[in-house]
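Chain by chain, the residues:
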Amino acid sequence: VMALANAKTMLFYLALLPNIIDVTGVGAGTFLQLSALLVVVYIGVLAAYMTGASRARRLLTTPRALRAVNRASAVAMTGAAAVVATRG
């Protein structure tokens, strides 16, 4: 479901999969193997995302961390605005 709901993933498979695998020769067994591999990879990647998000959430709940993030964001946006203003 995650692969079908993610447009970037679908585009990736449509663009690269035919160049890597001869899709005309994919039978039911190969399809099941590719599907199982996809599930394993998705579980690993999404588990890493969830772990990182959980750690970031715990880190960013302190007032000191929030203040630091807000200041860093302000500096980044000010810098981006300066770059845009000087290019025009």
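A.B. asks: Looking at this model, I keep getting lost on the overall build of the protein chain. Mind explaining?
C.D. replies: When you go through the protein chain residue by residue, the secondary structure sums to four helices and zero strands. If you list the helices and strands of the protein chain from N to C, you get α-α-α-α. Relative to the compact-globule value of 12 Å for 88 residues, the protein chain shows a C-alpha radius of gyration of 21 Å, a clear excess of over 25%. Of all 88 residues assigned to the protein chain, the portion counted as buried reaches 5%.

A.B. asks: What am I meant to see in the environment of Thr51 here?
C.D. replies: With respect to the secondary-structure elements, Thr51 resides in helix 3 (residues 28-59). Exposure remark for Thr51: the relative accessible area of 39% places this residue in the partly exposed category. Spatially, the C-alpha atom of Thr51 lies 39 Å from that of Thr24, the residues being 27 residues apart in sequence.

A.B. asks: What exactly am I supposed to notice about a nonpolar patch on the surface here?
C.D. replies: A cluster of nonpolar side chains, namely Leu34, Leu37, Val41, Val45 and Tyr49, defines an oily patch on the protein surface of about 460 Å² accessible area. Here Val45 lies in helix 3.

A.B. asks: I tried to follow the confidence of the model for the protein chain on my own but got confused; where do I start?
C.D. replies: In low-pLDDT regions, the fine details of the predicted coordinates are not to be read closely. Per-residue pLDDT for the protein chain has a mean of 87; in total, 94% of the residues score no lower than 70. Across the protein chain, the secondary-structure element scoring lowest on mean pLDDT is helix 1 (residues 2-5), at 67, and the one scoring highest is helix 4 (residues 63-87), at 95.

A.B. asks: Honestly, the environment of Met77 in this entry has me stumped. Any pointers?
C.D. replies: Residue placement: Met77 occurs in helix 4. According to the relative accessible area criterion, Met77 is exposed, its value standing at 58%.

About the criteria used
- Residues numbered from 1 in each chain as written.
- Predicted model: local features only at pLDDT ≥ 70, side-chain atom pairs only at ≥ 80, totals over all residues.
- Heavy atoms only, no water.
- Helix = DSSP H or I, 4+ residues; strand = E, 2+ residues; numbered from the N terminus.
- Rg over C-alpha atoms; globule rule 2.2 N^0.38 Å.
- Buried < 20%, exposed > 50% of the residue type's maximum accessible area, 1.4 Å probe, protein only.
- Patch = residues over 30% accessible without salt bridge, like charges linked within 9 Å, V, L, I, M, F, W, Y side chains within 5 Å.
- Areas by Shrake-Rupley, 256 points an atom, 1.4 Å probe, with all protein chains shown as cover.
- Salt bridge = Lys/Arg side-chain N within 4 Å of Asp/Glu carboxyl O.
- pLDDT = per-residue confidence, 0-100.

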